[in-house]
Amino acid sequence: MKINLILFFLCITAILSSCDRINPVDKGHPEYFDKIIQHGDSLVISNYHKASKYLDSAYNAFPKASKFDFTRKYKSLAENNTNTEQSMVYIDSALAILEKQIKSHPEELFSAYNIKANLYADKDDYDNAFKYFYNAKVLSEKISLDNGMKGFINMSIGNVLFKQKKYNEALGYFRTSIGYYQKTTAKPFISFGKIQSNLNSIGLCYERLNKPDSATIAYQNALAYVNSVDKKFAKHLSYINAARGVIYGNIASNYVRLKEYQKAEAAFIKSLELDKIYLEDILFNQIKLAQLYLNTGRKEEAADLINTIRNRTDSLSKPSKEVNLRFSALVWNYYEDAGNVPQAYKAYKAYHKLKDSADLVDSQIKSKDINKEFIKYAQTQEIDVLKKKDELKTVYLIFALSLTLLSALVIFLIWRNYRITRKNNKSLKVLNAKISDHNLLMEKTLEALEQSQEENTHMMQVVAHDMRTPIAGVIGLTSLMLEENDLTEDQREIISMINTSGADTLNFINDLLQVQYNKSNLIKEPVEMHTLLKYCITLLDSKAKEKNQELKISTIPIEINISREKIWRVMSNLISNAIKFSPHGTTINIVMEEKPLSILIAVKDNGIGIPPEIAEKLFAMNADVQRQGTDGEKSFGLGLAISKQIIEAHNGSIWFESIPGFGTTFFVELPITEN
């Protein structure tokens, strides 16, 4: 229970501490990418595909680019791509990264919101456009914007108001945007593009407000501004010429409104000569020029230009709705003027279908008020914030209740454990007293048992010692009788049995005399182990030859401190067992090798092996492990138990490895030094 509580508290601590964690700051690599993005921005205005390839190549050459580094690339490609859907993919990729790093890169997020708002405005999706303009506005109130960003947001709102035909309001935003861009020193070529675009938009506003004179002045100001930067941005001449072309096209439209057709035609032609980049503006100016040819009775020139426009629109993947609308009106006017009623009617239907769709979009656009939309989004956001606060309060309340219940549970458990502990302490005191009494009784009992064991052992050794002499006499007497030649077969067999039984009994008595002793009784001396092993083999060689067995020895000369008689008895017992449990004609190997701190002696036979049921209790003193040898030799089962006692008294180890039916190897390891 205590462990569970500790784990619970650790989990709570981890959760609370994780609430304060923020995403690691991704600063990117401005030292590398600032110049890359700046050059890409200058390229993307005039040649989008070239800029895209350049940015891809530059980013591939820098394998450690971070997520933030990629947002800069995505924004650049999204802002200037004519394919709105592709731009949406780029800006969504940038926002997915930047919205997670709002604290470290708020300016970049602000810029991305504006780009996405403009993309929605280009798609006439003003609900979403205003939503992202509002996100940008809210963010702008929390951060300090530079002049470039302030110019960008004012220009974006001005463009939306222009589409809503709120030209007077749009004028104010365009002028404000110019003021901000004139103050900024960063990205001068980008600022130039924005200023000339704002100047051009001001002229368009005056033109739509039916103020042609003011429009002319605005267009002249725009043209003068563009002409003033020829030398400064000489490497971007194609873009500067395209900007001039757009302005000349607008000047031409203003001349048409003033019915100065010759000036209008010259301006249109000048526009088409200069602008080789902006396909939409090129198409608009070609359509306006073709309409001018129709209005001035130049039908063949109009027809040629219509065919050129048709081929160009067919080559575009998706011409804008306004291009299609104006071209349909031109074709309708052309066929109507030519008296081709069927084609004129077909073009008329196409025009009005597009016109109805455009009018519907215009009506939806006009119904939107950016200030009211901002208020609506502010209210919606406030409601969302309140909901989140309520949800958070609910979570806090549940958490507080959980902590309260947990605290109550902990207090209860502490109180209960305290009571149990007091009760247990009393029980333990009583139990300790009983255990103390029991221990005293056990100590007295053990002392009595030890004394009794010593007396029994002494008695057994006295009896065994006293029995050795008469039994040895019996063995000696029966041995002499067996040498007599006048014994009958029955007599010889009976005397032989008495002799064998006496020898077995003497061996058993010798084993009994070895059962009880301790380390303190060991008398150690320096002994040459290879000599001791050879002596054992010499004594047992005749016994092995009775079974036609061969004893092989491999030793090294080494001297260690042991009880000669005890270790001789262990080795004799192991070799004797190997002879006893091996069949006729086999070889028994005795190998001794030196290890860093000990010697290892192995006695390996090829005998009957040791079955698992005996192996587990082979060294036990009281276990019934008696087995007959391969020739019926008797075993008392005490030799290995006594051997284990002797080896352990020498701080050594004894063990065996055996495969039943394939033989056994006994290992004895003895330390070289006393330590």
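In what follows, the structure referred to is the one given above.
Values in this document were obtained by computation on a predicted structure and should not be read as measured data.

Section: the overall build of the chain
Within the chain, the regular secondary structure consists of 23 helices and seven strands. Per-residue burial for the chain yields a buried fraction of 41% across its 675 residues. For the chain, the accessible area works out to roughly 39,200 Å², and carbon and sulfur atoms hold 55% of it.

Thoughts on a positive patch on the surface
There is a patch of like positive charges on the surface, built from Arg419, Arg422, Lys423, Lys426 and Lys429. Positionally, Arg419 belongs in helix α18 (residues 370-482). Taking the relative accessible area as the measure of exposure, Arg419 reaches 51% and is therefore exposed.

Section: the sheet that holds strand β2 (residues 550-554)
In space, the five strands of this open sheet follow the order β2-β4-β5-β7-β6, with mixed pairing throughout. Both outer strands of the open sheet, β2 and β6 (653-659), are each paired with one neighbouring strand and no more. Strand after strand, the sheet turns through a mean of 15° between neighbouring axes, direction not considered. Here strand β5 (residues 598-604) runs beside strand β7 (residues 663-671); their pairing, made up of seven bridges, is antiparallel. Of the residues in β7, the one forming a bridge with Ile599 is Leu670. On the sheet, helix α21 (residues 564-580) packs against β2, β4 (587-594), β5, β6 and β7 and is oriented at approximately 25° with respect to β5.

Let's talk about the pairing of β4
Regular strands place side chains that alternate from one sheet face to the opposite one. Bridge analysis of β2 against β4 gives five bridges, and the strand direction is parallel. Among the inter-strand pairings, Ser554 is bridged to a residue of β4, identified as Val591. Inspection of the sheet shows β4 paired to β5 by six bridges, in the antiparallel sense. Directly across from Asn589, in β5, lies its bridge partner Lys604.

Description of the packing of helix α6 (residues 106-122) against helix α8 (residues 147-163)
Running from amino to carboxyl end, α6 crosses α8 at an angle of 15°, the nearest separation of the two axes being 11 Å. Put simply, α6 runs roughly parallel to α8. In the packing of α6 onto α8, the handedness of the crossing is left-handed. For the pair formed by α6 and α8, the contact residues are Glu107, Glu108, Phe110, Ser111, Asn114, Ile115, Asn118, Ala121 and Asp122 on the first element and Met149, Phe152, Ile153, Ser156, Val160 and Lys163 on the second.

Focus: helix α7 (residues 126-140)
If you check α7, its first and last C-alpha atoms are 20 Å apart, about what 15 residues at 1.5 Å a residue would give, namely 21 Å. Every buried residue of α7 is listed here: Tyr126, Ala129, Phe130, Tyr132, Phe133, Tyr134, Asn135, Ala136, Val138 and Leu139.

As for the nonpolar core
By size, the foremost hydrophobic cluster in this structure holds 60 residues, and its most contacted members are Ile91, Phe110 and Phe192. Counting residues per element, this core draws most heavily on α6, at nine residues. Discounting chain neighbours no more than four positions away, the residues touching Phe110 are Ala136, Leu139, Ser140, Ile143, Leu145, Met149 and Ile153. In terms of nonpolar packing, the next biggest core, distinct from the first, is built from 39 residues, Leu540, Met592, Ile610 and Phe666 among them.

Comments concerning the side chain of Lys194
Tracing the backbone shows Lys194 in helix α10 (residues 188-208). Residue classification places Lys194 among the buried residues on the basis of a relative accessible area of 16%. Within the structure, Lys194 has its side chain in polar contact with the side chain of Glu79 (distance 3.3 Å).

Digging into the packing of helix α5 (residues 84-98) against α6
One way to put it is that α5 packs onto α6 with a least axis distance of 10 Å and a crossing angle of 155°. Classified by the angle their axes make, α5 and α6 are roughly antiparallel. Both α5 and α6 take part in a crossing whose hand is left-handed. The segment α5 lies against α6, with Thr84, Ser87, Met88, Ile91, Asp92, Leu95 and Leu98 engaging Glu108, Leu109, Ala112, Tyr113, Ile115, Lys116, Leu119 and Tyr120. Class assignment for the residues of the contact of α5 with α6 results in ten nonpolar, two polar and three charged.

Criteria and cut-off values
- Residues numbered from 1 in each chain as written.
- Predicted model: local features only at pLDDT ≥ 70, side-chain atom pairs only at ≥ 80, totals over all residues.
- Heavy atoms only, no water.
- Helix = DSSP H or I, 4+ residues; strand = E, 2+ residues; numbered from the N terminus.
- Buried < 20%, exposed > 50% of the residue type's maximum accessible area, 1.4 Å probe, protein only.
- Areas by Shrake-Rupley, 256 points an atom, 1.4 Å probe, with all protein chains shown as cover.
- Patch = residues over 30% accessible without salt bridge, like charges linked within 9 Å, V, L, I, M, F, W, Y side chains within 5 Å.
- Salt bridge = Lys/Arg side-chain N within 4 Å of Asp/Glu carboxyl O.
- Lys, Arg positive; Asp, Glu negative; His and termini not counted.
- Charge placed at Lys NZ, Arg CZ, Asp CG, Glu CD.
- Pairing = 2+ DSSP bridges.
- Axes fitted to C-alpha atoms, helices over the stretch in contact; angles between N-to-C directions.
- Contact = heavy atoms within 4.5 Å.
- Parallel < 35°, antiparallel > 145°, perpendicular 65-115°, else oblique.
- Left-handed = near helix turned anticlockwise from the far one by under 90°.
- Expected span 1.5 Å × (residues − 1).
- Core = buried A, V, L, I, M, F, W, Y, C linked by side-chain atoms within 4.5 Å.
- Polar contact = N/O pair within 3.5 Å; in protein donor to acceptor, adjacent residues only side chain to side chain.
- Nonpolar A, V, L, I, M, F, W, Y, C, P; charged D, E, K, R; others polar.

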